[in-house]
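What the coordinates show
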Amino acid sequence: MTSKRFTRRGAALIAAGVFAGAIAIGAAGAEEKPIKIGLTTDLTGIAASYAQAQVDSVQMAIDEINEAGGVKGRKFELLVRDSKLKPELGSSLTRDLIVREKIDYLIGPDASSVGVAVTGVAKQYKKVVVMTIPNTPRLVGELFHPYFFTIVPSGTMLARAMAEGIGPDNDKIAFIGGDYEASHQAIKYFGDWLAKVNPKAEIIDEQWPKLGEPDFTPYITQLMSAEPEIVFSYLWGADLITFIKQAKPYGFFEKTKFATLLFLDDLVALGDDMPDGILGQMYAPPFGTKSEKMDAFIKRFEDKYGHYPSDWAVMGYDGMKILAQGIANAKSWDSDDVAAAIQSHEYDGLQGVVTFRDVDHQGNVPSFLGTTGTVEGLPFKALVDIKRIDAETVMPTPEEILQQRSGG
Amino acid sequence: MWTDIFIQILSGVSRGMILFVVASGLTLIFGVLRIPNFAHGSFYMLAAFVAYAVTHAVGGSNLGFAASLLMAPLILGVFGLVFEFMLLRRIAGRLHLYQLIMTFAMTLIIADGIKMIWGGAYRSVGYPPLLSGSVEIFGRPFPTYYLLVIAVGLIIAGLLSLLMERTRFGRTVSAAVVDPEMVGALGVNVPRLYTLVFGLGAALAGLGGALAAPVGSVSLGIGDSIIIESFAVVIIGGSGSIPGALAAALIIGVVQSLGIMVAPRLAIAFVFIALCVVLLVRPQGLLGRRV
């Protein structure tokens, strides 16, 4: 009897001990468990090099945070998935990251089409997502939800900035852009803003080659015979390179001014073959912002990856730091609290201070317009006479956003 | 107006010539070996990357360009020989489906190989300095480089026609198309003949890729549109026919060039319209044999 009671008591003690121990270990475990960040991006396809820069820069930001001890005692871990430029795949991979891998927060994909898919999943599972490349206006428009943030100048902002840049000085403008949604939106927003900055200006010719067009010659001759003062181009990447190389021997750039969307990757690929005097619009070129912070970033990036960082790297790095700062400032790990923390704090980033508006969580990020030319210390042609166009001058007003969201 | 049209036609001819060089390789492989070589566009893409590597290694000079024009077909030719000898030969005589799958697999392997070696970024090869300017034709500037492309296309057309019609090799190949067993019974090593033809076809894709590299970007995906156009050339020209391929490639080049002047939004359909018209009139292709 005695022994039996003893045993029972002993068992209860042991059980209690194990239970307490389990709680202690569990608590310790939770303390050390990494914060998982999910990144679905297009590592395959025409925008693969942009995605690679994004993965590299997000990883670099994470490494820096982890070396400094992490956030609230926890370190970050990055999980990357390849959405191959396919929105459906982007959706299912992001869902898998959330449900099976139990990631805590999301960071921006690559293509806008995948961005649309990812933001849908983020909304469904209430996960904070910071976008660092996609920039379709639909993201802040009808697809907006409280967990979404973006530090990319939207298509509307870019098109308006272009109109600000070239509209006042030119009356006859021709357009060339790949025949797809973003390009059609660009000319629409551009045209609307052009009417404000120069009512005399008109768009005298529009050319719509298919994406991946190998032969731009017919479009080049068409544009030249329209005799515009300036050509506004929404060609980018490999298409822009093909266009420039084919247009050059026709004397295109001597005959007409040319203003185009331009990525750092294009400057690097073309090197000395980039003609001087092209007006380039860029998202976030590292050489566009002179500061100690930016210089240090460029150096760290070059040391780590062996090449100059692109626009995508700047946005990827800032995006990850913004997310981390939000997590650090939040009352809890909860999505609502983190979103509120990102929303209520300003972030001092590579290009200056970033804040997010209540209405659409669009970061007030700049874009840049400059003229191609040789810049000392850079192994490729870059932009000179750079004009920084601040977000405030071109951002849609809250009323415009609400109107668009209601389907107007 | 007429000058514009003439210049437009001339640029269409130059585009058509690159297409001809690539498609002539495909028409040999398809017409002689009956292999629907899906990887042909990838050969072209790989050649453009080889041209990029060679030009940069030599330093982007005229010499670098000449070296790329030599090395790309050579490397792709050897690549083709090895591919045929090691893999395609194993499934010769079986269903076309197997060959289709194997050549398709090769497109994936080449794409991943390029990614491993050169990464995912797009690149550019400059025009050779000697040909980077333009010449005046009827008072309009026309890229000098395009004249070189046209010249190379004509030379290749001439050489291939001579090879196929005037040499023992060409006659044996033609005979093997009609009756490979009989040719084999006469003492010709038919498998070796097939390997050589495949290598020659791949080398032509290589030359096309090196020729095209300065005209556009060098990036993953440039093989996608050329493979469709090349198959269109083979079908329009009549499979196996070199003069047919030349005529078809020039038709496609010029139709696209002029078509964009008239109806730019239809540009994506021009190749298929040309294809349909020819097939309705001559189902065997322009210069194809009736089968």
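This structure is a prediction, so every number in the text was calculated from the model and none was measured.

Some thoughts on the overall build of chain A
From N to C terminus, chain A includes 15 helices and 14 strands. Its C-alpha atoms put chain A at 110 × 50 × 35 Å along the principal axes. Going through the 408 residues of chain A one by one, you find that 56% of them count as buried. For chain A, contacts bridging at least 24 residues in sequence account for 69% of all contacts bridging at least 6. Distance between charge centroids for chain A: 12 Å, based on 41 positive and 54 negative side chains.

Quick look at the UniProt feature "transmembrane region" (unreviewed entry) in chain B
All names here are of chain B. The feature "transmembrane region" (unreviewed entry), as annotated in UniProt, sits at residues 6–30, 42–59, 65–88, 100–122, 142–163, 193–214, 226–255 and 262–281 in this numbering. As annotated, residues 65–88 comprises 92% helix and 0% strand, and the C-alpha atoms at either end are separated by 32 Å. The span residues 142–163 shows a helical share of 91% and a strand share of 9%, and its end C-alpha atoms are spaced 32 Å apart.

Considerations on the pattern of salt bridges
In total, this model carries 19 salt bridges over all chains according to the counting rule given. Its salt-bridge partner being Glu-101 of chain A, residue Arg-81 of chain A comes within 3.0 Å of it at the nearest N-O pair. Placement of the pair is Arg-81 of chain A in strand 2 (residues 76–82) and Glu-101 of chain A in the loop between helix 3 (87–99) and strand 3 (105–107), with a sequence separation of 20 residues. Among the salt bridges present, the one from Arg-89 of chain B reaches Glu-84 of chain B, with a minimum N-O distance of 3.9 Å.

Topic: the interface of chain B and chain A
Counting from both sides, the interface comprises 35 residues of chain B and, opposite them, 31 residues of chain A. The three residues of chain B that bury the most area against chain A are Tyr-122, Ile-260 and Arg-265 of chain B, which together make up 25% of that side's buried surface. At the junction of chain B with chain A, the criterion picks out zero salt bridges. Linking chain B to chain A there are 14 residue pairs in polar contact (both at pLDDT 80 or more).

Things to note about the sheet that holds strand 4 (residues 129–131) of chain A
All names here are of chain A. Strand order in the open sheet made by the five strands is 2-1-3-4-5, with parallel pairing throughout. Taken across any chain shown, the strands that pair with only one partner, and hence form the sheet edges, are strand 2 and strand 5 (148–150). Shown here is a sheet whose adjacent strand axes are inclined to one another by a mean of 20°, direction ignored. Note that strand 1 (residues 35–41) and strand 2 share seven bridges and pair parallel.

Considerations on the environment of Gly-120 of chain B
As for its position among the elements, Gly-120 of chain B is in the loop between helix 4 (96–118) and strand 1 (134–137). Gly-120 of chain B gets classed as partly exposed once you look at its relative accessible area, which sits at 29%. Put simply, Gly-120 of chain B and Leu-220 of chain B are 100 residues apart on the chain and 7.3 Å apart in space, counted from C-alpha to C-alpha. With near-sequence residues (within four places) excluded, Gly-120 of chain B lies in contact with Ser-49 of chain A together with Lys-115 and Leu-220 of chain B.

A closer look at a nonpolar patch on the surface
A cluster of nonpolar side chains, namely Phe-38, Leu-95, Leu-97, Tyr-98, Leu-100, Ile-101, Phe-104 and Leu-108 of chain B, defines an oily patch on the protein surface of about 780 Å² accessible area. With respect to the element layout, Leu-100 of chain B can be found in helix 4.

Focus: the domain arrangement of chain A
All names here are of chain A. Segmentation of chain A into domains returns domain 1 (8–153 + 288–365) and domain 2 (156–282 + 368–405). On a C-alpha basis, the centres of domain 1 and domain 2 stand 31 Å from each other. Listed as interface residues are 27 residues of domain 1 and, on the opposing side, 27 residues of domain 2. Taken together, the two surfaces of domain 1 and domain 2 that pack against each other cover about 2,300 Å², and 60% of this comes from carbon and sulfur. Considering only the surface of domain 1 that becomes buried against domain 2, Pro-137, Tyr-308 and Arg-357 emerge as the three largest contributors, covering 22% of it.

Some remarks on the environment of Leu-196 of chain B
All names here are of chain B. Structurally, the position occupied by Leu-196 is in helix 8 (residues 190–212). Looking at Leu-196, the relative accessible area reads 42%, which means it is partly exposed. Leave out the neighbours within four places in its chain, and Leu-196 touches Leu-81 and Phe-169.

Notes on the sheet that holds strand 9 (residues 257–261) of chain A
Residue and element names in this part refer to chain A. Pairing in this open sheet of seven strands is mixed, and the strands run 7-6-8-9-10-13-14 from one edge to the other. With one partner strand each, in any of the chains shown, strand 7 (202–207) and strand 14 (382–389) form the two edges of the open sheet. Averaged over all pairs of adjacent strands, the angle between their axes in this sheet comes to 25°, without regard to strand direction. Sheet analysis places strand 9 next to strand 10 (residues 279–282), joined by three bridges and oriented parallel. Looking at the pairing, Thr-260 lines up with Gly-280 of strand 10. This element, helix 8 (residues 237–247), spans strand 6 (172–177), strand 8 (230–234) and strand 9 of the sheet and lies at about 165° to strand 9.

Notes on the packing of helix 1 (residues 2–33) of chain B against helix 8 of chain B
Residues and elements named next belong to chain B. At their nearest, the axes of helix 1 and helix 8 sit 7 Å apart, and the two run at 165° to each other. With respect to helix 8, the element helix 1 is oriented roughly antiparallel. In the crossing of helix 1 with helix 8, the sense of the turn from one axis to the other is left-handed. Across the interface between the two elements, Ile-18, Val-21, Val-22, Ser-24, Gly-25, Leu-28, Ile-29, Val-32 and Leu-33 from helix 1 touch Tyr-194, Val-197, Phe-198, Leu-200, Gly-201, Ala-202, Leu-204, Ala-205, Leu-207, Gly-208, Leu-211 and Ala-212 from helix 8. Tallied by class, residues from the contact of helix 1 with helix 8 come to 17 nonpolar, four polar and no charged.

A look at the environment of Pro-34 of chain A
All names here are of chain A. Counting through the fold element by element, Pro-34 comes out in the loop between helix 1 (2–32) and strand 1. Residue classification places Pro-34 among the partly exposed positions, given a relative accessible area of 26%. Along the backbone, Pro-34 and Ile-46 are twelve residues apart, and their C-alpha atoms lie at a distance of 33 Å. Apart from residues no more than four positions distant in its own chain, Pro-34 is found in contact with Arg-74, Lys-75, Glu-77 and Asp-104.

Scoring rules and cut-offs
Residues numbered from 1 in each chain as written. Chains lettered and ligands numbered in written order. Predicted model: local features only at pLDDT ≥ 70, side-chain atom pairs only at ≥ 80, totals over all residues. Heavy atoms only, no water. Helix = DSSP H or I, 4+ residues; strand = E, 2+ residues; numbered from the N terminus. Buried < 20%, exposed > 50% of the residue type's maximum accessible area, 1.4 Å probe, protein only. Contact = heavy atoms within 4.5 Å. Lys, Arg positive; Asp, Glu negative; His and termini not counted. Charge placed at Lys NZ, Arg CZ, Asp CG, Glu CD. UniProt positions renumbered as here; feature names shortened; annotations may be inferred. Salt bridge = Lys/Arg side-chain N within 4 Å of Asp/Glu carboxyl O. Buried area = accessible area lost by both parts, 1.4 Å probe. Polar contact = N/O pair within 3.5 Å; in protein donor to acceptor, adjacent residues only side chain to side chain. Pairing = 2+ DSSP bridges. Axes fitted to C-alpha atoms, helices over the stretch in contact; angles between N-to-C directions. Patch = residues over 30% accessible without salt bridge, like charges linked within 9 Å, V, L, I, M, F, W, Y side chains within 5 Å. Areas by Shrake-Rupley, 256 points an atom, 1.4 Å probe, with all protein chains shown as cover. Domains from an automatic or database assignment. Parallel < 35°, antiparallel > 145°, perpendicular 65-115°, else oblique. Left-handed = near helix turned anticlockwise from the far one by under 90°. Nonpolar A, V, L, I, M, F, W, Y, C, P; charged D, E, K, R; others polar.

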